[in-house]
Amino acid sequence: MGKILIGKPGNLRQFELMETTLVGRHWQCNAVISNIEVPLYWLEIRWLSDHWTWRCLSSTDRTRGSGTVTSNGWRDWRSKNSIAPTISLPTGASIELIDPSPPTFQLQDQYTGEQFKDDALLDLVELTNDGYILYDAEREDGQDGQDAKFLQDGALLHIKGRILRVWRPKGPQPTKVPLISLSASGLFLTIDCELLTATFTQHDAEVTIEGSPVRLLLTYAQSVVDGPWVESDSFLATSVAFDGWLSNGGHADSEPKRLAWERAKLRSLLVKAGVVGVNNLFERRRDGASWSHRLCLSPAMITII
């Protein structure tokens, strides 16, 4: 993801670039420089094909910056001799391109300007093999997600008391080459309780995830490896799984519905790591008014350390 360093000496901060980014003093700008010497709407930075470009919106005569001028006043913004290109005003305000990589999917708080990307995104939305979707507790494992609504560029979301804007680049996004398929043979899972890591191996490929969702995975894995294993009897009711999750270090102030969120987070982490077929990890069935889940792995495929 492209990054710029903006502000004045002694008061610089990083900002991740969207596909198009407005820079200026006004609060409506994506990247705000709170200095009276900076124009309300100073300039626009835009990703074009395979590189960043920029153009002035005001103070054209005072703005200094590198780049060959193209159509409609746009200028190419590229590094030369490993030196980061810079745009500046005589007052000392500047914008430095410190990372020229292309834009990626992110959410931005409409009031604070805070940006959510990479792992921070997975606390707010779910990542599937086809893109980001709004987290839905009803869309759990075993569903193909064809009815899921993928988040569109510019959409406004209300999540956890925040109003978030979706920034979804239109161009092709870098994708991770699939390493492991949960629907193929040769799959093994190793869970390290002390390190709180889960490692999936398949032939020569290996993927490791860590963090809170591993506790959930451990809970279901323990039900598989403890005692005689019968596939049809390996389902755990949500209340039973919740008690096991708490015993494995889950947050005591949580409610049972937290497990659905943990499963979604687990799916997202696996997709991000290059795993496909994540909907094959769990199976669910309805027991009266509630749901039960089971881990779709046999005891021989699981090792708990």
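Just above sits the structure.
All values derive from a computational prediction rather than experimental measurement. (Residues numbered from 1 in each chain as written. Predicted model: local features only at pLDDT ≥ 70, side-chain atom pairs only at ≥ 80, totals over all residues. Heavy atoms only, no water.)

The next point concerns the side chain of S181. Examined against the element boundaries, S181 turns out to sit in strand β17 (residues 180–181). The exposure class of S181 is buried, given its relative accessible area of 17%. S181 has contacts with Q202 and V276, leaving out every residue within four places of it along the chain. (Helix = DSSP H or I, 4+ residues; strand = E, 2+ residues; numbered from the N terminus. Buried < 20%, exposed > 50% of the residue type's maximum accessible area, 1.4 Å probe, protein only. Contact = heavy atoms within 4.5 Å.)

Another point: the pattern of salt bridges. With the rule as written, the count across this model stands at eleven salt bridges. The shortest N-O distance in the salt bridge between E16 and K117 comes to 3.6 Å. With E16 in strand β2 (residues 11–16) and K117 in the loop between β12 (115–116) and α1 (118–121), this pair connects stretches of sequence that are 101 residues apart. A salt bridge links E114 to R162; the shortest N-O distance between them is 3.2 Å. Of this pair, E114 sits in the loop between β11 (106–109) and β12 while R162 sits in strand β16 (residues 162–167), and the two are 48 residues apart along the sequence. A residue is classified by how much of its surface remains accessible, and R162, at 27% relative accessible area, is partly exposed. Through salt bridges with shared partners, a single network forms among E44, R46 and R55. (Salt bridge = Lys/Arg side-chain N within 4 Å of Asp/Glu carboxyl O.)

Further remarks concern the pairing of strand β23 (residues 282–287). The pairing of β23 with strand β24 (residues 290–295) spans six bridges and is antiparallel. Note on β24: the bridge partner recorded for R286 is W291. A loop of two residues connects β23 with β24, the two strands running antiparallel in sequence, and G288 in this loop sits at a positive phi of about 70°. (Pairing = 2+ DSSP bridges.)

Reading across from one edge, β20-β19-β18-β25 is the order of the four strands in this open sheet, with mixed pairing throughout. At either end of the open sheet lies a strand with only one pairing partner, and these are β20 (205–210) and β25 (302–304). Neighbouring strand axes in the sheet, compared pairwise and without regard to direction, differ in orientation by 15° on average. Inspection of the sheet shows strand β19 (residues 197–202) paired to β20 by six bridges, in the antiparallel sense. Looking at β20, one finds that T197 is bridged to E210. The sheet contacts of helix α2 (residues 213–225) involve β18 (187–192), β19, β20 and β25, and relative to β25 the element is tilted by about 110°. (Axes fitted to C-alpha atoms, helices over the stretch in contact; angles between N-to-C directions.)

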